[in-house]
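Listed below are the residues making up each chain.
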Amino acid sequence: MKKLVGVFAFSLLLHVSASATEALTLDQALQLLKTKNLEIKAANYDELAAKEDIDAVSGKNWGKLTFTQDVARSNDAGSVFGFKLSSREADFGDFGFGDFGGAFPMHTPPPSLNYPGYQNFFQSKLKYEVPLFTGFMLTSYTDIMKKMQEMKSLDKDKITTEKEYELKKSFYDMALLDSSIKNLNKILDNINILEKTTKEMIHVGYAKHVDLLEVQAKKGNVERLLVQMRSNKKLLYHYISFLLNQKVQHIQPPVEEIAMPKISDEEILARNIDFKKAATGLKITKDMIKASQAAYYPTLGAFGEVSTADDTFLGDADKHKAYTIGARLSWNIFDGGIDAAKIEKSKIKKLKMQSQVALAKQGILLKTTKIRTQIESLNAQIASLKKELALANAIYDNYEGRYKEKLISMSDVIIKQSAQIEKILQLQIAKNKRVEKILALEKLANKGN
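Keep in mind that what you see is a predicted model, and the values were worked out from it rather than measured.

A. Quick look at the overall build of the protein chain. The helix and strand tally for the protein chain stands at 11 helices and four strands. In the protein chain, which comprises 449 residues, the proportion classed as buried is 34%. In the protein chain, the proportion of contacts linking residues at least 24 apart, taken out of those at least 6 apart, comes to 84%. Total accessible area on the protein chain is roughly 27000 Å²; 59% of this is exposed by carbon and sulfur atoms.

Take a look at the structure:
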């Protein structure tokens, strides 16, 4: 049995170790993001809290049931008399008749009425109140809370889309860094070969020591660029770990270049979160007008109450119980035009929101057009830079051969190699910008949610 447990534990350890070292794909990372990212979690809690607000408002339709327990001790004349009446224990002696032996002098204050002794009072009361008609206010506010919950849901989608954008960009940046590092390593290999060749040529008297210094200076420059790029990779891993709220040491960068999304401007507008938020905000202003107009209607509520009172807690509770049922109609006939002003203010907010919806639409379409134009320009730039890099590689190979034949100087070779490195860096910058713009277009379209 111990051996079996040991084998199981060992296999489990191997599985965990393999999982820890396994390269994380972009799809896996996107799935982890939705459950692990702290900002998305916080937005999810906001959405859940908004759902509770709906229940809090709609629950008012069911009224409220309250229990009240009063405990008092007093020798105040009014309170003592009221206590006895509530307890159904008042008698003529409480009016002071007993102070005069049956005769009741009209102008002499009875001491037992005005100066009673201390009286204990325990009253238990259960009361239920329910609104029957609120001028459609509760309905309007329930609708508002539902749309506020939609707004929080859109906020969560916006944060999720933003974090997906940042995660995708990090993965594609890593792929571009790997590509640039690979190209620079090829150049470093060439420099090492050139360095070796130069040393041999110096040894036989066909090159000068300054040629070797030029080669080594360029080698140091390339090594510095490689160190910088590897540092950028480390920073990217730290940022990916931050986004996923867990340690990430290995990822599998995308192999292919990111494709241009096939989505129309109309689809982008229909899916865009900012536009949806503006449209939801407009619906809320319409409900706010309805809520303001509720002030013109009367409100009607009903209530029922059962109570018992005694000088001891629940003493003779059944004998001293009392019931009350009733209804109340309230109608604000005149308030100096305050309600009318509130309604007009709600209407003005609605007009403002209509303008914001139109502005959001135009702004999104403008951003879409701008991003599409930038991507087209970057596509042409990248195609041109790829040809220029191929040419720079060919020229360098040619110059390296000519240097070996002593037809040109080392400075000429180094200049061509610098052009090679420059084209690699320019190509990486252009590809980075293209990835950024394509992901920005996907973010506008809320692609992924």
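B. Looking closely at the side chain of Gln-417. Topologically, Gln-417 is positioned in helix α11 (residues 410-444). By relative accessible area, which is 1% here, Gln-417 ends up buried. In terms of polar contacts, Gln-417 uses its side chain to reach the side chain of Tyr-396, at 3.0 Å. Excluding anything up to four places from it in sequence, Gln-417 contacts Ile-187, Ile-191, Lys-218 and Tyr-396.

C. View of the confidence of the model for the protein chain. The share of residues in the protein chain with pLDDT of 70 or more is 90%, and the mean pLDDT across the chain is 87. For the protein chain, helix α1 (residues 2-21) is the element with the lowest average pLDDT, namely 44, and helix α2 (residues 26-36) is the one with the highest, namely 95. Segment residues 1-20 is flagged for pLDDT under 50; beyond a separation of four residues in sequence, or across chains, it makes one contact in the model.

D. Expanded view of the pattern of salt bridges. For the structure on display, the rule yields 18 salt bridges. Between Glu-39 and Lys-163 there is a salt bridge, with the nearest N and O atoms lying 3.0 Å from each other. Placement of the pair is Glu-39 in helix α3 (residues 38-58) and Lys-163 in helix α6 (residues 137-203), with a sequence separation of 124 residues. Since its relative accessible area comes to 37%, Glu-39 is described here as partly exposed. We note a salt bridge from Lys-168 to Glu-442, for which the minimum N-O separation is 3.3 Å. In this pair, Lys-168 sits in helix α6 while Glu-442 sits in helix α11, placing the two residues 274 residues apart along the sequence. An identical accessibility class is assigned to Lys-168 and Glu-442; each is buried. Ionic contacts of the salt-bridge type, sharing partners, join the residues Glu-39, Lys-163 and Glu-166 into one network.

E. The packing of α6 against α11, seen in detail. The interhelical angle for the contact between α6 and α11, taken along N-to-C directions, is 170°, at an axis separation of 9 Å. As judged from the angle between their axes, α6 and α11 are roughly antiparallel.

F. Spatial organisation of the nonpolar core. By size, the foremost hydrophobic cluster in this structure holds 67 residues, and its most contacted members are Leu-167 and Leu-184. When residues of this core are traced back to their parent elements, those giving at least two are α2, α6, α7 (209-244), α8 (265-271), α9 (273-293), α10 (338-404) and α11. When residues in this core are grouped by element, the largest group, 14 residues, is from α6. Not counting residues up to four positions away in its chain, the partners in contact with Leu-184 are Val-222, Leu-225, Leu-226, Met-229, Ile-421 and Ile-424.

G. Quick look at the sheet that holds strand β1 (residues 64-74). Spatial strand order, β1-β2-β3-β4: four strands in an open sheet with antiparallel pairing. Each having just a single partner strand, β1 and β4 (321-330) make up the two edges of the open sheet. Here the strands of the sheet are splayed against their neighbours by 20° on average, with no regard to which way each runs. As paired elements, strand β3 (residues 299-310) and β4 share 10 bridges and run antiparallel to each other. In the sheet register, Gly-301 faces β4, and the bridge partner there is Arg-328. Helix α4 (residues 77-86) rests against β1, β2 (119-133) and β3 of the sheet, and its axis sits at about 70° to β2.

H. Molecular detail of the environment of Ala-291. Inspection of the secondary structure assignment puts Ala-291 in helix α9. In this structure, the C-alpha to C-alpha distance between Ala-291 and Asp-143, residues 148 residues apart in sequence, is 9.9 Å.

What counts, and where the lines are drawn
- Residues numbered from 1 in each chain as written.
- Predicted model: local features only at pLDDT ≥ 70, side-chain atom pairs only at ≥ 80, totals over all residues.
- Heavy atoms only, no water.
- Helix = DSSP H or I, 4+ residues; strand = E, 2+ residues; numbered from the N terminus.
- Buried < 20%, exposed > 50% of the residue type's maximum accessible area, 1.4 Å probe, protein only.
- Contact = heavy atoms within 4.5 Å.
- Areas by Shrake-Rupley, 256 points an atom, 1.4 Å probe, with all protein chains shown as cover.
- Polar contact = N/O pair within 3.5 Å; in protein donor to acceptor, adjacent residues only side chain to side chain.
- pLDDT = per-residue confidence, 0-100.
- Salt bridge = Lys/Arg side-chain N within 4 Å of Asp/Glu carboxyl O.
- Axes fitted to C-alpha atoms, helices over the stretch in contact; angles between N-to-C directions.
- Parallel < 35°, antiparallel > 145°, perpendicular 65-115°, else oblique.
- Core = buried A, V, L, I, M, F, W, Y, C linked by side-chain atoms within 4.5 Å.
- Pairing = 2+ DSSP bridges.

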